[in-house]
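Overview (structure and organization)
The chain contents come next:
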Amino acid sequence: MKAIKKKIADKISKSKDALYPLAAALGLILVWQGSVYVFSIPDYLLPGPDIVLREIVLKWSFLVEHGLVTLYETGVGFALAIIFAIPISVAVVWWKPVEKTLMPFMVFLQTIPKVAVAPLFIIWFGFGYFPKILTSFLLAYFPIVIELITGLRDIEPEVLDLSKSMSASELQTFTKIRIPNSLPYMFNGLKLGALLSLVGAVVGEFLGSLKGLGYLVIYANDRLDTTLLFADLVLLLLLGKLVFSIVEWVERYAISWHVVMREKDKIMFTT
Amino acid sequence: MAGNRGTRWEARIKDSLYPIATTFAILILWQLSIVLFSVPDFILPGPLVIIKAFFGHLRLLSGHTLVTVYETIAGLLLAVVFSIFVSIIIVWSKGVEKTVVPLMVFFQTTPKIAIAPLFIVWFGFGYTPKVIISFWLAYFPIVIAMITGLRDIQPEMVDLTKSMSATTWQTFVKVRIPNSLPHFFSGLKLGGLVAMLGSITGEFVGSDAGLGYLITMANHNNDVKLLFSVLIVLVLLGRIIYASTVLIEKHAISWHVALRTEEEKFFTA
């Protein structure tokens, strides 16, 4: 009985906590609307929330059409990153020379701005989907592969001793210990990778494209159509949330044993 | 002890042979295939041609590099100053924390860089919008690291200061601030990298100077040699910015760096 009461109290305090940011967001939107109205700010500088909302409703099918292009590029880049990350991480963990050769490169590449390579892809592969998929792959690949390597490699020594003392084969240790251990890490990498692959697709579209939300940003920018720009940004925000939530949802089902035990969600830093 | 250190260095040098040998092999293979298949320069120039172009464009490159460096550092400094203020306010007041932190976490799952063109509309083609974009990207990792560092103190430490009847102010200065420094520096390292990314992307979107501008120019002119030269500068610049934050960290909090066991991982775009 007490436990149930505590649970209910927890739930109430949690929903109470959610009130603060919601109230703040609502307050900000009201201030925004109010100041646009009071100071009669022109739309090309800062459109009010009502006008942005109307734009989204009016141009919904147009926005969705471009959104689907970006989603496609993001999804394919992300999927490619996963497909490449798995065999590479296994190879790195399995063979020491591969680790010694590849890891320094991967660590090195972390400190350079990878989006700068995107223009090269545009020169090589034109204005179609492929260069954006490549950029999106390039950005998503590293967090996924490095988290996977960490998860497969960093096992508690006691667990390894245990498996040895029970004369487990290498393969058994791999499937029964290393792979389960790697999953929480992998999902951290996937969450960040999903967000970065969206960034990659958008920046790729910035540089040269005819479709997609990134293209629309530049299109609206060139025409000083700030209302469209804001509508586009709202859609990008939603797309980011969607992509992130999908990975989070899969995580909750795939490794519920870990998600439940986890004390705090890791905060992802994206660009 | 000395012998130990010697063998450790030897092992390090031996380990670094693998990537160096691979790099050389890739460069030689690259150069050979360019010569063998006579790949034209506007598709893929060989390493030798790129190095020649790099030194030929040295004056052009250094001028644009200074612009990007300025935007990056200005944005990063702004982010640091703002983060310190905001994080102290947040740690001081529970109400502010409950209001602001969820909003900041919310923004973490959105592609922040997409806002860059908006800053161009508002602030024109000069340095200001790029500085703001650098600030915007660098701010989040630094402020969240600061908040974590100021807030998450070991409970034993809090008990200790209480039992010694330290004031809240004393606890803040003697316990919370030192505790926050390692977090701050790891935020700063990531912040430096994303600040540079921000200024480059800002230059992509609209500018007349800087390395990002040079990239778009080279892109429009199909000047792949220049493009690769800029990439070399970007690699060097990324390394320099990262290495300088590491160096500052090493001097500022040597007590922590020497003891740190966990490897830090940064993922940038």
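Computed from a predicted model, the values in this text were never measured in an experiment. (Residues numbered from 1 in each chain as written. Chains lettered and ligands numbered in written order. Predicted model: local features only at pLDDT ≥ 70, side-chain atom pairs only at ≥ 80, totals over all residues.)

Observations regarding unusual backbone geometry
Residue and element names in this part refer to chain B. Positive phi values are uncommon outside glycine, yet serine 165 reaches one of about 45°. By the element assignment, serine 165 lies in the loop between helix H7 (155-163) and helix H8 (168-205). A tally of 7 C-beta atoms within 10 Å means that serine 165 is categorised as exposed. Here asparagine 222, not a glycine, exhibits a phi torsion of approximately 55°, which is positive. Position of asparagine 222 among the secondary structure elements: in the loop between helix H9 (211-220) and helix H10 (224-252). With 12 C-beta atoms packed within 10 Å, asparagine 222 lands in the exposed category. (Helix = DSSP H or I, 4+ residues; strand = E, 2+ residues; numbered from the N terminus. Buried ≥ 20, exposed ≤ 12 C-beta atoms within 10 Å, placed from the backbone.)

Observations concerning the packing of helix H5 (residues 118-125) of chain A against helix H8 (residues 170-207) of chain A
Residue and element names in this part refer to chain A. Relative orientation of the contacting elements H5 and H8 amounts to 60°, with a least axis distance of 9 Å. The angle between H5 and H8 falls in the class oblique. Considering how the two elements wind past one another, H5 and H8 form a crossing that is right-handed. Facing Ala118, Pro119 and Ile122 of H5, the residues of H8 in contact are Val203, Gly204 and Leu207. Each residue belonging to the contact of H5 with H8 can be placed in one class, and the counts come to 5 nonpolar, 1 polar and no charged. (Axes fitted to C-alpha atoms, helices over the stretch in contact; angles between N-to-C directions. Parallel < 35°, antiparallel > 145°, perpendicular 65-115°, else oblique. Left-handed = near helix turned anticlockwise from the far one by under 90°. Contact = placed C-beta atoms within 7 Å. Nonpolar A, V, L, I, M, F, W, Y, C, P; charged D, E, K, R; others polar.)

Brief notes about the packing of helix H9 (residues 213-222) of chain A against helix H10 (residues 226-254) of chain A
Residue and element names in this part refer to chain A. Put simply, H9 and H10 touch, their axes get as near as 9 Å, and they point 160° apart. Compared by their axis directions, H9 and H10 come out roughly antiparallel. Relative to H10, the crossing made by H9 is left-handed. On H10, the residues that touch Leu213, Leu216, Val217, Ala220 and Asn221 of H9 are Leu228, Leu229, Asp232, Leu235 and Leu236.

Quick look at the domain arrangement of chain A
How big an interface is tends to be stated in terms of the accessible area lost upon association of its parts. Residue and element names in this part refer to chain A. Per the domain assignment, the segments of chain A are domain 1 (1-40) and domain 2 (45-261). The C-alpha-based centres of domain 1 and domain 2 are spaced at 30 Å. The interface is formed by 5 residues belonging to domain 1 together with 4 residues belonging to domain 2. Of the residues that constitute the side of domain 1 that touches domain 2, the class distribution is 4 nonpolar, 1 polar and no charged. (Domains from an automatic or database assignment.)

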